[in-house]
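Structural overview
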Amino acid sequence: MKKNKKNEVSNFKKINRRDLIIGASSIGAISLAPKKLLSEEANPENLPPNLPEWTQYLGDGVDVNPYGMPSEFEGHVIRRNVEWLTASAESSVNFTPLQDLEGFVTPNGLCFERHHGGVSVINPQDFRLMINGLVDREMIFTLDDLKRFPQTNKFYFLECAANGGMEWKGSQLNGCQYTFGMVHNVQYTGVKLSDLLLETGLKEKAKWVLAEGSDSSGMTRSIPIEKILDDCIIAWAMNGEALRPEQGYPARLVVPGWEGNMWVKWIRRLEFGDKPYMTREETSKYTDLLTSGKARMFTWVMDAKSVITSPSPEKPILSKGLHQLRGLAWSGRGKIKRVDISIDGGKNWKTAQLHSPVLSKSLTRFTLPFEWNGEELLLQSRAIDETNYVQPTISELQKIRGVNSIYHNNSIATWLVSKNGKVDNVRLG
Amino acid sequence: MSGLVRWILSFSLIIFLVNSTIASERKFNLGQIANKEEVDGWDIDVRPDGLGAPIGSGTALFGEEIYTEQCAACHGDFGEGADRWPALVGGEDSLASHDPEKTTGSYWPYASTMYDYIYRAMPYGVAQSLSFDETYQIVAYLLYMSDIIEEDFVLSDKNIGEIEMPNRDGFLLPDPRPDIINTQGNPCMSNCQVSTNIIGKARDIDVTPEDE
């Protein structure tokens, strides 16, 4: 008798699970089509006063998911890429789904990826960090060596300098994810370079560091010694677990507040020298071309920026009444001091609530409650950092830099909320 | 121990002591001292002044063949770029135009960077497979296609730091940001004079990927 019942249960569970998977993939399929989302309705059999299946039958045991994954109903919360952007997926980028995240921490599996030669797969036993050049002792460290140094644990945002790069000439991509998603924010565990260098010593002439990755692009960037000694880290963990392969496992460089390209993943070498190395990534790329035909070089800091994550093109307003506007703000120059919100395209502004912790060079969450009665809105957010730098408009940036500099677009975006609640990325002028 | 050996040993001990008093002390006693062979194997970078350039040489004449074999499929026979792969040649005088074309010829300030990058990262997917001479040959061929050197010019570790690239002075330092100093932390809060006309919608451009 007992046995039979057990069979019944597990049979039921099987069918039920399959239904769920189908359900999840269809949710994924329509996540960017707000209209269909509206028609996704609850199953009345699961609502009061009825008894849902999950209330009656056993769920999965503790032996089913040794590494837990998000709910099957969250299948739409994924990194996405733009296929036409690049010739090859191994030298390309995908985007963090900021519109679906809360708080200020980015889950490890959703941190955007940018590689120049695909994801290297490295057995940590085979990891070596070489330090050479103008040091007292040229040295090699294993991962275990690094973990025995004094440890630091810090939250930092990492933003690609090309985040929003497609929006210089006009609104191009209709999504919060595609226009702002080259940023993530995690807690890094690692060793400060200022501690590591106590072991190698440093020659007085050392002014620059070449950081080199061991991936197939041999990623290299020059970093001034002041920054290296100030707050740079060799990190091996993010959000409490080992770095993800796509984030540089087993170890990467952390360069707080500075453009993501410098945070060399799969790090293998730091060379100290008296001059910058002028690598491809700091000449051909990551230089900001102005209308004069001259280009700015070594533009490292990420200026203050903010984005409204909901409402946003992926998060339409579904009903009238009270809503919580949500967003994220950050600055490579320190802490966020204030975020203002406009619902009329920048004519009038209200200050949003910042949620603690408000940390230096970290994403900061803000919210602002608002009533929607079906009217058109032009939503904007404007960050101010502790240096009193105010996030600019796109026309302020264009006046000085033109439209061809690709990198460092930290301008205010505008979301148009239409009367039907749909949200569009628009350009005002 | 002979007197001479003892003398050499004590001498080298003195050198060692002198060195270690100038150099800082190791603080944690973690990690290993790297030997020259280890460092030489990994220290592949080449600086604008030629520092780090491995001994070797090549001309465009020889470069053409290996470029055609190993590079042209993606970068085009003349460096013009096939499909969406990057162009390496062309774009002269385009940098101040509406559609700047940034190539090794039109944009890159140093030939050393071409050597450094091609050796470390190309051909795409088979990194560090070229010999030093092959790399000099290919760089020479690219420079020749951009009219920077003659076809028979022998590019080598001796002169790679002296090649004059057309856009050598095309870069501005230091970073002038913050270059937008609008309101010193006190921006307009009400009745601000801004234009709220919608002049463009991403939806109309219609290039946003859609989930299947």
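This part takes up the packing of aromatic side chains. Residues and elements named next belong to chain A. Applying the stated criterion across every chain yields a total of 19 aromatic pairs over all chains. Between Phe 180 and Trp 415 the ring centres are 6.2 Å apart and the planes differ by 80°, which places this aromatic pair in the edge-to-face class. A residue pair is termed long-range when its members are at least 10 positions apart, and Phe 180 in helix H5 (residues 176-180) and Trp 415 in strand S23 (residues 414-417) qualify at 235 residues. Note on accessibility: Phe 180 and Trp 415 belong to one class, buried.

What follows is about the state of the cysteines. All names here are of chain B. Tallied over the entire structure, the rule returns one disulfide over all chains. Residue pairing for Cys 188: its cysteine sulfur links by disulfide to Cys 192, the two sulfurs lying 2.1 Å apart. The disulfide joining Cys 188 to Cys 192 has a torsion of about -100° about its S-S bond and is therefore left-handed. Judged by its relative accessible area of 8%, Cys 192 falls in the buried class.

Take unusual backbone geometry next. Phi is mostly negative for residues that are not glycine, and the peptide bonds are mostly trans. That bond from Pro 48 of chain A to Pro 49 of chain A is cis: its omega, 10°, falls within 30 degrees of zero. Its location among the elements puts Pro 49 of chain A in the loop between helix H2 (34-39) and helix H3 (53-56). Each neighbour pair has its own omega, and for Ser 310 of chain A with Pro 311 of chain A the value is 0°, a cis peptide bond. Positive phi outside glycine occurs at His 408 of chain A, with the angle close to 60°. Tracing the chain through its elements places His 408 of chain A in the loop between helix H8 (394-401) and S23. You can call His 408 of chain A buried: its relative accessible area is 4%. Not every positive phi belongs to a glycine, and Asp 83 of chain B is a case in point at roughly 45°. Position of Asp 83 of chain B relative to the elements: it lies in the loop between helix H4 (72-75) and helix H5 (111-121).

Confidence in the prediction of chain B, expressed as mean pLDDT, is 90, and 89% of residues score 70 or more. Here residues 1-21 of chain B is a poorly scored stretch, pLDDT under 50, and it has three contacts once near neighbours within four places are set aside; other chains count.

Quick look at empty space enclosed by the protein now. Per the stated rule, a full pass over the model turns up six cavities of 30 Å³ or more. The computed volume of the largest cavity comes to approximately 230 Å³. For the largest cavity, the lining is made up of 20 residues, of which Arg 114, Arg 252, Gly 260, Asn 261 and Lys 265 of chain A are closest to its centre. For the lining of the largest cavity, a count of residues per class yields eight nonpolar, seven polar and five charged. Reported here for the second largest cavity is a volume of approximately 50 Å³. Along its surface, the second largest cavity is lined by Glu 159, Ala 161, Asn 163, Met 302, Asp 303, Lys 305, His 408, Asn 409 and Asn 410 of chain A together with Arg 177 of chain B.

Attention now goes to the nonpolar core. Formed by 132 residues in total, the largest nonpolar core has its most connected members in Leu 129, Leu 146, Leu 196, Ile 234, Ile 267 and Leu 270 of chain A together with Leu 143 of chain B. Sorting elements by how many residues they give to this core places helix H6 (residues 132-145) of chain B first, with eight residues. Looking at which domains feed residues into this core, each of domain 2 (108-296) and domain 3 (305-426) of chain A supplies at least three. If near-sequence neighbours (up to four positions away) are discounted, Ile 234 of chain A is found in contact with Leu 129, Leu 146, Thr 189, Gly 190, Val 191, Leu 193, Leu 196, Ala 251, Arg 252, Leu 253, Ile 267 and Leu 270 of chain A.

Now for the sheet that holds strand S15 (residues 295-296) of chain A. The strand order across the open sheet built from three strands is S14(A)-S15(A)-S4(B), with neighbouring strands paired in mixed fashion. Of all the strands in the sheet, just strand S14 (288-289) of chain A together with strand S4 (171-172) of chain B have a single pairing partner and so form its edges. In this structure, S14 of chain A lies alongside S15 of chain A, joined through two bridges in antiparallel fashion. Looking at S15 of chain A, one finds that Leu 289 of chain A is bridged to Ala 295 of chain A.

What follows concerns the interface of chain B and chain A. Between chain B and chain A, the contact holds 81 residues from the first and 107 residues from the second. Together chain B and chain A conceal approximately 7,900 Å² of surface at their shared face, both sides included; 55% is due to carbon and sulfur atoms. Considering only the side of chain B, the residues that lose the most area to chain A are Leu 30, Trp 42 and Arg 177 of chain B, jointly responsible for 10% of the buried surface there. Applying the counting criterion to the chain B and chain A interface returns 11 salt bridges.

Definitions and limits used
- Residues numbered from 1 in each chain as written.
- Chains lettered and ligands numbered in written order.
- Predicted model: local features only at pLDDT ≥ 70, side-chain atom pairs only at ≥ 80, totals over all residues.
- Heavy atoms only, no water.
- Phe/Tyr/Trp six-rings, centres within 6.5 Å; stacked < 30°, edge-to-face > 60°.
- Helix = DSSP H or I, 4+ residues; strand = E, 2+ residues; numbered from the N terminus.
- Buried < 20%, exposed > 50% of the residue type's maximum accessible area, 1.4 Å probe, protein only.
- Disulfide = S-S within 2.5 Å.
- pLDDT = per-residue confidence, 0-100.
- Contact = heavy atoms within 4.5 Å.
- 1 Å grid on protein atoms, 1.4 Å probe; cavity = no way out; pocket = protein on both sides within 12 Å on 5 of 7 lines; lining within 4 Å.
- Points joined across faces, edges and corners; volume = space filled by probe spheres on them.
- Nonpolar A, V, L, I, M, F, W, Y, C, P; charged D, E, K, R; others polar.
- Core = buried A, V, L, I, M, F, W, Y, C linked by side-chain atoms within 4.5 Å.
- Domains from an automatic or database assignment.
- Pairing = 2+ DSSP bridges.
- Buried area = accessible area lost by both parts, 1.4 Å probe.
- Salt bridge = Lys/Arg side-chain N within 4 Å of Asp/Glu carboxyl O.

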